[in-house]
Amino acid sequence: MPRYYPVKDLAGGHVYDLYGLYFGEICGYEYYMDRIRFRICISYSAKTTAPDIERLKEMIARRNVEVRGDEPLEYLIRIARELRVDIPYKTVDHMVRILKAYIDVDEIIQIDRYIYDGKPRIIVLLNKPREALFRGWSREVEPKETYLSKEIIGKHVVSISNGYIGVVKDIVVGPGDMGVRVEYVKISEIYIAWLRFLNDLRRRGDLKTYNLLASIRDPLKHRRISIEEYDKLVEELKRRGVGENIIKQIKEYIEYSSMPGGATDISYRRIMYVNDIVVTY
């Protein structure tokens, strides 16, 4: 059975294409005709080069192609390549966040939650090589071109059938076969650290908000609130007049408890692609 997630929980999820190339981060969603589609964003840090979108739009418009102004970067680059227009770049002096593309639900082959740097995260795998096409790869990559080397160690592993597996820790050998050893951590519970949140409010001197929230959910009785109650809790807080800035802070107090993990060995025969992540059958 595939796992299902509330749409809002996918915000910030990292998206990879079928070849295991990083495509971007989910930065929103919208209802489009009879389905949901997600906005994918990418960020460029200061002092790096980024596509000059405004110049690119001008160059495309000069070729008598209509540009509305709200097109995602992926669309503009595809049109530019069709017109044989060179992609202009510029050096940015501050963090820049760009709408890169949209993805439809039917392009998603796998969604899973995993733990990285001590936090639960979302990973999304597409059924198409969207990033490869965005980079201008001219041909399909054959799975057999995937190779095994020490560079594979430390990469996340995602199975198109079983979801997130873990992180490659070693290369292993068995009778007539070789593969990778993948370590994983299991999430047993995700919750809001309600007591810690309210204690922090009190330490900051915001006793008015502390008392209001404590009257809604007594922190001594509800030290933790299950993540499944998040929507209900937010609705209740809004009804009681709690400010949006306080409600937004709740996400900073989402924690998890984990069970002892383990390791599993995956045959090289199951590996499809090795790029930013490892994609397996």
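You'll find the structure just up there.
Rules of the game
- Residues numbered from 1 in each chain as written.
- Predicted model: local features only at pLDDT ≥ 70, side-chain atom pairs only at ≥ 80, totals over all residues.
- Heavy atoms only, no water.
- Phe/Tyr/Trp six-rings, centres within 6.5 Å; stacked < 30°, edge-to-face > 60°.
- Helix = DSSP H or I, 4+ residues; strand = E, 2+ residues; numbered from the N terminus.
- Buried < 20%, exposed > 50% of the residue type's maximum accessible area, 1.4 Å probe, protein only.
- Lys NZ or Arg CZ within 6 Å of the ring centre and 35° of its normal.
- 1 Å grid on protein atoms, 1.4 Å probe; cavity = no way out; pocket = protein on both sides within 12 Å on 5 of 7 lines; lining within 4 Å.
- Points joined across faces, edges and corners; volume = space filled by probe spheres on them.
- Nonpolar A, V, L, I, M, F, W, Y, C, P; charged D, E, K, R; others polar.
- Pairing = 2+ DSSP bridges.
- Axes fitted to C-alpha atoms, helices over the stretch in contact; angles between N-to-C directions.
- Contact = heavy atoms within 4.5 Å.
- Salt bridge = Lys/Arg side-chain N within 4 Å of Asp/Glu carboxyl O.
- Core = buried A, V, L, I, M, F, W, Y, C linked by side-chain atoms within 4.5 Å.

Q: So what exactly am I meant to see when it comes to the packing of aromatic side chains here?
A: Each pair of aromatic rings is reported with the distance of its centres and the angle of its planes. According to the stated counting rule, one finds eight aromatic pairs in the structure shown. Geometrically, the ring pair formed by Tyr16 and Tyr22 is edge-to-face, given 5.5 Å between the ring centres and 65 degrees between the ring planes. Ring geometry for Tyr114 versus Tyr164: centroids 4.5 Å apart, planes at 25 degrees, classification stacked. Remark: Tyr164 occurs in strand β10 (residues 163-174) and Tyr114 occurs in strand β7 (residues 108-116); sequence separation between them is 50 residues. For the pair Tyr114 and Tyr164, one class covers both residues: buried. A cation sits over an aromatic face here: Lys100 above Phe134, 4.2 Å from the ring centre. Note that Arg224 overlies the ring of Tyr191, its terminal NZ or CZ placed 4.0 Å from the centroid.

Q: Please explain the layout of surface pockets as it appears in this structure.
A: Using a probe with the size of a water molecule, rolled over the atoms, empty space left in the structure can be pinpointed. For the largest pocket, the calculated volume is near 680 Å³. Contributing to the lining of the largest pocket are 21 residues, with Asp9, Ala11, Pro120, Lys251 and Ile254 lying nearest its centre. At the level of elements, β7, β8 (119-126) and β13 (254-267) are the ones that each hand at least two residues to the lining of the largest pocket. Counting residues per element, the lining of the largest pocket draws most heavily on β8, at four residues. Considered class by class, the residues forming the lining of the largest pocket number nine nonpolar, four polar and eight charged.

Q: Explain unusual backbone geometry here, please?
A: When glycine is set aside, most residues are seen to have a negative phi, and most peptide bonds are trans. Even without glycine at this site, Asn64 takes up a positive phi of about 65 degrees. Examined against the element boundaries, Asn64 turns out to sit in the loop between α1 (53-61) and α2 (73-83). Overall, the relative accessible area of 75% leaves Asn64 in the exposed class. Its identity is not glycine, yet Arg84 carries a phi of approximately 60 degrees, on the positive side. Tracing the backbone through its elements, the reader meets Arg84 in the loop between α2 and β5 (89-91).

Q: In this structure, what is going on with the sheet that holds strand β2 (residues 22-32)? I would like to understand it.
A: Two pairing modes exist for strands in a sheet, parallel and antiparallel, and in both the strands are linked by backbone hydrogen bonds. Taken in spatial order, the six strands of this open sheet run β6-β3-β2-β1-β8-β7, and their pairing is mixed. Lying at the two open borders of the sheet, with one neighbouring strand each, are β6 (96-104) and β7. Across the sheet, the mean angle from the axis of one strand to that of its neighbour is 35 degrees, orientation sign disregarded. In terms of strand pairing, β2 meets strand β3 (residues 35-44) through seven bridges, oriented antiparallel. Counterpart to Tyr29 in the pairing with β3 is Phe38. Packing of α2 onto the sheet brings it into contact with β2, β3 and β6, and relative to β6 it is tilted by some 85 degrees.

Q: What should I look at first to understand the pattern of salt bridges in this one?
A: It is possible for side chains bearing opposite charge to pair when their charged atoms get close. For the structure shown, the criterion picks out 21 salt bridges. Among the salt bridges present, the one from Glu30 reaches Arg37, with a minimum N-O distance of 2.8 Å. The exposure class of Arg37 is buried, given its relative accessible area of 17%. Glu74 is the partner of Arg130 in a salt bridge, and the nearest nitrogen-oxygen pair spans 2.6 Å. Linking Arg130 in helix α3 (residues 130-134) with Glu74 in helix α2, this pair joins segments that are 56 residues apart in sequence. Given the relative accessible area of 11%, Arg130 is considered buried.

Q: Mind showing me how you'd approach the nonpolar core here?
A: Nonpolar side chains tend toward joint burial in soluble globular proteins. Formed by 22 residues in total, the largest nonpolar core has its most connected members in Ile192, Trp194, Phe197, Leu213, Leu237 and Ile250. Where this core is concerned, the elements lending two or more residues are β11 (177-192), α4 (194-203), α5 (207-216), α6 (230-239) and α7 (244-249). Setting aside chain neighbours within four positions, we find Phe197 in contact with Leu213, Ile246, Gln249, Ile250 and Tyr253. Grouped together as the second largest cluster of nonpolar side chains are 17 residues, Ile42, Tyr44, Ile60 and Ala80 included.

Any functional reading would require information beyond the geometric quantities listed.
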